[in-house]
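Summary of structural features
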Amino acid sequence: PMTVTVDFFAAPLDDPYIVGRIAALNSASDAFALGAQPIAALASTTIPLGKPRKQEQLLYEVLAGGLHEFRKMGATLVGGHTIEGPQLVVGYTMLADQGTDPPLTKAGLRVGDRLVLTKPLGTGVLLAAHMQAKCAARWMDELLPTMLLSNQPAARLVHEFDIRGLTDVTGFGLAGHLLEMLRASKVSAQLNLAQIPLLAGVGQLAADGVESTLAPANRAVETNVRVAERHRRDPRYAALFDPQTCGGLLLGVRESQLDAVLSRLAELSDVPAAMIGEVVDRGDDATSIVVMSS
């Protein structure tokens, strides 16, 4: 069976080669989260108005970045379409081989599963700060390798361990994507703010009021979040609603396999993964996320 996904975004950086790499990884992440192997990609690109030669060079660098990542994951760029517009927009339609296994769904979480996040949060805050010339170089130096880390190796852990709940954390933020999983699985969750990993600079920027333009809309799920008032001022609480670009995976892991999964993730990359909470029975109540801090 073939799985087909599509994703795109307005370029968050000025380097077209890096933008192409990020766009490829961002688009392929949807396929990885379904347990599929990307085999081909079709590009959809909006190129800013300008001289044809400059446009051609820009497109070449964007697609070269994408092809670099596709080749590493075992896929190739087979075509696409380009138009002119006010800003650079890049995305890909991914064709992926689902193999003999059905697509992984968001309905696999089980009571007692530990929630493991494979990348720190905060790309939305940092990219917003970058647009406002408030992102320090040392913060960007940590952000870029994190966004350029493929989710493919982490997604393959579903074949090594008893992992049935899996999704990638992207535009709706951690809280939004977790709530989708909880509703589909008919369970609730407890999150520990103290264990939520943040990228460097995110805490300081959040305290200064910097946030992505999508963050307010992501807070619509707060009606399903139970949290003490004192915790609302914690930057890690704000990060729950931060939209992620090339965010990590959120895994539901059996407690007995937690240490082994974290060890394997540490072997796969230098980007730190973390156990951030637990899946609990929702009882007769509506699905909710209970936020605590130890």
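Residues numbered from 1 in each chain as written. Predicted model: local features only at pLDDT ≥ 70, side-chain atom pairs only at ≥ 80, totals over all residues. Heavy atoms only, no water.

**A few points about the environment of Leu-265**
In this fold, Leu-265 is placed in helix H10 (residues 258-268). By relative accessible area, which is 6% here, Leu-265 ends up buried. Separated by 108 residues in the primary sequence, Leu-265 and Leu-157 place their C-alpha atoms 8.7 Å from one another. Excluding residues within four positions of it along the chain, Leu-265 makes contact with Val-116, Thr-118, Ala-154, Leu-157 and Ala-273. (Helix = DSSP H or I, 4+ residues; strand = E, 2+ residues; numbered from the N terminus. Buried < 20%, exposed > 50% of the residue type's maximum accessible area, 1.4 Å probe, protein only. Contact = heavy atoms within 4.5 Å.)

**Describing the layout of surface pockets**
Of the volumes computed, that of the largest pocket is approximately 550 Å³. Along the walls of the largest pocket sit 23 residues, with Ala-10, Pro-12, Leu-127, Ser-212 and Thr-245 positioned nearest its centre. Elements supplying a minimum of two residues to the lining of the largest pocket: strand S1 (2-10) and helix H3 (123-131). Ranked by residue count, the leading element in the lining of the largest pocket is H3, at five residues. (1 Å grid on protein atoms, 1.4 Å probe; cavity = no way out; pocket = protein on both sides within 12 Å on 5 of 7 lines; lining within 4 Å. Points joined across faces, edges and corners; volume = space filled by probe spheres on them.)

**Structural notes on the sheet that holds strand S6 (residues 165-168)**
Strand order in this open sheet of seven strands is S6-S9-S5-S10-S7-S11-S8, and the pairing throughout is mixed. In this open sheet, the two edge strands, each paired with only one partner strand, are S6 and strand S8 (225-227). Strand after strand, the sheet turns through a mean of 25 degrees between neighbouring axes, direction not considered. The sheet contact formed by S8 and strand S11 (residues 289-292) spans three bridges and is parallel. Each bridged residue has a counterpart across the sheet, and for Val-225 the counterpart in S11 is Ile-289. Contacts between helix H6 (residues 173-185) and the sheet are confined to strand S5 (114-117), S6, strand S7 (188-192), strand S9 (249-253), strand S10 (274-280) and S11, with S6 contributing the most and set at about 150 degrees to the helix. (Pairing = 2+ DSSP bridges. Axes fitted to C-alpha atoms, helices over the stretch in contact; angles between N-to-C directions.)

**Re unusual backbone geometry**
Residue Ala-133 is not a glycine yet carries a positive backbone phi of 60 degrees. Inspection of the secondary structure puts Ala-133 in the loop between H3 and helix H4 (137-147). Ala-133 sits in the exposed class, given a relative accessible area of 74%. Backbone geometry at Lys-186 places phi at a positive 60 degrees, although glycine is not the residue there.

**Digging into the pattern of salt bridges**
For side chains of opposite charge, pairing can occur when their charged atoms come near one another. Applying the stated criterion across every chain, the model contains 16 salt bridges. Asp-113 is the partner of Arg-110 in a salt bridge, and the nearest nitrogen-oxygen pair spans 3.3 Å. The burial state of Arg-110 is the same as that of Asp-113; both residues are buried. For Glu-255, the salt bridge is made with Arg-114, and the minimal N-O distance between the two is 3.2 Å. Of the two residues, Glu-255 sits in the loop between S9 and H10 while Arg-114 sits in strand S5, which places them 141 residues apart along the sequence. Via salt bridges that share partners, Arg-110, Asp-113, Asp-162, Arg-164 and Arg-254 belong to a single interconnected network. (Salt bridge = Lys/Arg side-chain N within 4 Å of Asp/Glu carboxyl O.)

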